[in-house]
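Working through the structure, step by step
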Amino acid sequence: MANKGKYYLTTAITYTSGKPHIGNTYEVVLADAIVRFKRFQGYDVRFQTGTDEHGQKVELKAAEAGVTPKEFVDNVAGEIKRIWDMMNTSYDRFIRTTDPDHEEQIKKIFKKLYEQDDIYKGEYEGLYCTPCESFFTQSQLVDGKCPDCGREVQPAKEEAYFLRLSKYQDRLAKHIEEHPEFIQPESRKNEMINNFIKPGLQDLCVSRTSFKWGIPVDFDPGHIVYVWIDALSNYITGVEYDADGNHGELYRYWPADLHLIGKDILRFHTIYWPIMLMALDVPLPKQVFGHPWLLTNNDKMSKSKGNVIYADDLVDIFGVDAVRYFLVHEMPFDNDGSITWELVVERNNSDLANVLGNLVNRTISMSNKYFGGVVEDKGVTEPVDDDLKAVANSTPAKVVEKMDKLRVADAITEIFTLLKRCNKYIDETEPWVLAKDDAKKDRLATVLYNLIEGIRISANLLSSFMPETAEKILSQINAKACDLDELLEKGFGQYVSGTKVTDAPEILFQRLDVNEVMDKVLALEASQGGAADAASDEEGIDIEAKPEISYDDFMKMQFQVGEIIECKEVENSKKLLCSQVKIGSQTRQIVSGIKKWYSPEEMVGKKVMVLVNLKPAKLAGVLSEGMLLCAEDADGNVVLMTPEKSVPSGSEIC
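Let us look at the structure shown here. (Residues numbered from 1 in each chain as written. Predicted model: local features only at pLDDT ≥ 70, side-chain atom pairs only at ≥ 80, totals over all residues. Heavy atoms only, no water.)

Inspection of the secondary structure assignment puts Lys618 in strand E22 (residues 617-619). You can call Lys618 exposed: its relative accessible area is 60%. Along the sequence, Lys618 and Asp242 sit 376 residues apart, while their C-alpha atoms lie 55 Å from each other. Excluding anything up to four places from it in sequence, Lys618 contacts Ala523 and Leu623. (Helix = DSSP H or I, 4+ residues; strand = E, 2+ residues; numbered from the N terminus. Buried < 20%, exposed > 50% of the residue type's maximum accessible area, 1.4 Å probe, protein only. Contact = heavy atoms within 4.5 Å.)

Structure (structure tokens):
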């Protein structure tokens, strides 16, 4: 395979304030599908993701947790990396803004910009949002609150360094005009031009003195480098950029071919970042793609709203590749997508179990039943074969066309069009009828060969999106993985005639009962304290109101005080503890997803608040007969709800 050249893709680096939800995970899975396909095409790929770890919010969260900021971000970054690895993402570097090589270059970059007068010292006065780490003017607020997150802002005034955005405004506008592909989709580009560039750019605050957790400005003690220069510069520091000009070997990957980011941070990547690069005399990235959001029931995910879905919970029920498939296939190109548990079940059953899994299973099973598993092309063709072959031969080029435009969902649709054509071919040729006529044995063999070849082509194309599944399929039909050039140039008929398929085909995707899945989800939420999700912090968090219930509805729930008399870890579970809870004269077994926050030893002797008439459910195979009430803050930290004063076990909570 000829080398097509280099391809460098980055995701936004994830802020280390808490565990990422499935909307955050979507970006890295989408990126992985793109880079895997680029490798499949023959590109020399560099894929970078990572974590953004400095700032006031981290400093405050660490203090609340009683740990140092570094200990706090080490823990969160480890959790983010665990989830990225679980989702089988093939990054080349997981960069952290606390990495020594990154911090060294940030100091150099800041000093270089200052010495060439692209950064100057001044004073900032404005309205500051701590969670967003952003200053706003009064006119930028929405209903008096932060325009980005909707939280309260506080007046702030401090000495700071500023980046001269205004100096480069005209040059940036010209670049965007001359490179229409720079900001994608098109709607995002228009938003940046009309809302930010045309009204005029204000110089950007790039240092802070009101907190300490950050990279110090080494020539001015008391200042730390603010998030914009620190976080955004990871894209060049991660490929061995050196502000002194002594770049490393990896710098050959720059400029990046694609910055893949969420649409909410497009301004930072298409205005602040290009101007920083212009000031550093570094080439601009070729493209910035602001992907849409993944919503829950068409609402933005938020812990305070109680509508957050996590990747590992989805994987526990559906498996990695089913989740990957949903994320990259269900998201529109430039509109927000939506995820619900029910919708994932539907796609699992219709697309994965039926269209894909059933096709592979029954084709291999027929090969074993009629020919002892040996697949041969006997060359007995009929006109019905022509359309199958035409679809199979045209699919690789169609997938390339879609992927070149970053229309990943459409690319997968093309592959499933081929899989559906294979299923239709079975109905057209009726192998079970051919098997009854010995004179048509060679025709039957040819039909099965055509099906296996269609499956082989599909599996190779799927390898970028569902790598484990593609590997399983190729293993079952005893075929080697190939590159894209082979599919494009050699076309249909490359499966080696006479090859024997596996004797026992594995079920790739099981059909799932939506009611059983929802029972598991409810049990999962109960084990994690979802039904008692009273997130709060010192300032308070607004919880989106749930539908009103009647007094009679409330009275159906029975709450009592319980005392934990025994507790142990649930075997083979990373989250669950199993407690024996004495409630009056009875003892209930309750499973809770609080292992991260409590040890079994800590649990014993605690008085807790229990929902006692919750329908029993099994969690990780262990019966749970109630729910312990917990509170969860905005970062997912969980605490048990306990009585204020000593009361007997069994006391009614009313």
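A few words now on the pattern of salt bridges. Two side chains that carry opposite charge are able to pair once their charged atoms sit near each other. Summed over the entire model, instances satisfying the criterion amount to 47 salt bridges. Of the charged contacts, one joins Arg421 and Glu428 as a salt bridge, the two residues approaching to 3.2 Å between their closest N and O atoms. On the basis of relative accessibility, which here comes to 35%, the residue Glu428 falls in the partly exposed class. Residues joined by salt bridges that share partners form a network here, namely Lys19, Glu79, Arg82 and Asp312. (Salt bridge = Lys/Arg side-chain N within 4 Å of Asp/Glu carboxyl O.)

The sheet built from four strands is open, its strands ordered E6-E5-E7-E9 with antiparallel pairing. Both outer strands of the open sheet, strand E6 (134-136) and strand E9 (204-205), are each paired with one neighbouring strand and no more. As defined by bridge partners, strand E5 (residues 119-129) adjoins strand E7 (residues 154-163) across 10 bridges and the pair is classed as antiparallel. Looking at E7, one finds that Tyr128 is bridged to Gln154. (Pairing = 2+ DSSP bridges.)

In this section: the packing of aromatic side chains. One pass over the full model with this rule turns up 22 aromatic pairs. On the numbers, 6.2 Å between centres and 65° between planes, the contact of Tyr7 with Tyr43 is edge-to-face. Here Tyr43 lies in the loop between helix H1 (22-41) and strand E3 (44-52) and Tyr7 lies in strand E1 (residues 6-11), a separation of 36 residues in the sequence. By relative accessible area, which is 26% here, Tyr43 ends up partly exposed. The interplanar angle of 80° and the centroid separation of 6.3 Å between the aromatic rings of Trp254 and Trp273 together place this pair among those described as edge-to-face. Within this pair, whereas Trp254 is found in the loop between helix H8 (234-237) and strand E12 (258-262), its partner Trp273 is found in helix H9 (residues 266-280), the two being separated by 19 residues in sequence. The burial state of Trp254 is the same as that of Trp273; both residues are buried. Note that Arg208 overlies the ring of Tyr128, its terminal NZ or CZ placed 4.2 Å from the centroid. (Phe/Tyr/Trp six-rings, centres within 6.5 Å; stacked < 30°, edge-to-face > 60°. Lys NZ or Arg CZ within 6 Å of the ring centre and 35° of its normal.)

Further remarks concern the nonpolar core. Membership of the largest hydrophobic core comes to 110 residues, with the highest contact counts inside it found for Ile22, Ile34, Phe318 and Phe465. If sequence neighbours within four positions are ignored, Phe465 has contacts with Ala33, Phe37, Arg324, Met403, Val408, Ala411, Ile412 and Ile415. Residues Phe110, Ile119, Leu165 and Ala279 belong to the second largest nonpolar core, which totals 65 residues. (Core = buried A, V, L, I, M, F, W, Y, C linked by side-chain atoms within 4.5 Å.)

As a further point, take helix H13 (residues 383-404). In this model, H13 (22 residues) spans 33 Å end to end at C-alpha, consistent with the 32 Å of a helix rising 1.5 Å per residue. Along H13, the sharpest change in direction is near 35° and occurs at Thr395; proline Pro396 comes one to four residues later. Every buried residue of H13 is listed here: Asp385, Leu388, Val391, Ala392, Thr395, Pro396, Val399, Val400 and Met403. In this fold, the buried residues of H13 make contact with H1, helix H14 (408-429), helix H16 (441-462) and helix H18 (484-490). (Expected span 1.5 Å × (residues − 1). Bend = angle between axes of the 7 residues up to and from the residue.)

Turning next to the environment of Asp351. Here Asp351 lies in helix H12 (residues 341-371). On the basis of relative accessible area, Asp351 is assigned to the buried category, the value being 12%. Between the C-alpha atoms of Asp351 and Val320, which are 31 residues apart in sequence, the distance is 15 Å. Once you skip the residues sitting within four places of it in the chain, Asp351 turns out to touch Tyr325, His329, Leu356 and Phe416.

This brings us to empty space enclosed by the protein. Applying the stated criterion across every chain, the model contains two cavities of 30 Å³ or more. The calculated volume of the largest cavity comes to roughly 50 Å³. As for the largest cavity, its lining consists of Asp52, His54, Gly55, Glu133, Phe211, Trp213, Ile224, Val225, Tyr226, Val227 and Asp230. Among the secondary structure elements, those contributing two or more residues to the lining of the largest cavity are strand E11 (224-225) and helix H7 (227-232). For the lining of the largest cavity, the residue count by class is six nonpolar, two polar and three charged. Empty space within the second largest cavity amounts to approximately 30 Å³. (1 Å grid on protein atoms, 1.4 Å probe; cavity = no way out; pocket = protein on both sides within 12 Å on 5 of 7 lines; lining within 4 Å. Points joined across faces, edges and corners; volume = space filled by probe spheres on them. Nonpolar A, V, L, I, M, F, W, Y, C, P; charged D, E, K, R; others polar.)

Another aspect to go through is unusual backbone geometry. Most peptide bonds take the trans configuration, and most residues that are not glycine carry a negative phi. Residue Pro185 is reached from Gln184 by a cis peptide bond, and omega for that bond is -5°. If you trace the backbone, Pro185 turns up in the loop between strand E8 (183-184) and helix H6 (186-197). Here the residue pair Trp254 and Pro255 is connected by a cis peptide bond, since its omega of 10° sits within 30 degrees of zero. Residue position: Pro255 is located in the loop between H8 and E12. One non-glycine residue, Asp143, lies in the positive phi region at around 55°. Within the secondary structure, Asp143 is located in the loop between E6 and E7. Of note, Asn478 is a non-glycine position whose phi angle comes to about 60°, a positive value.

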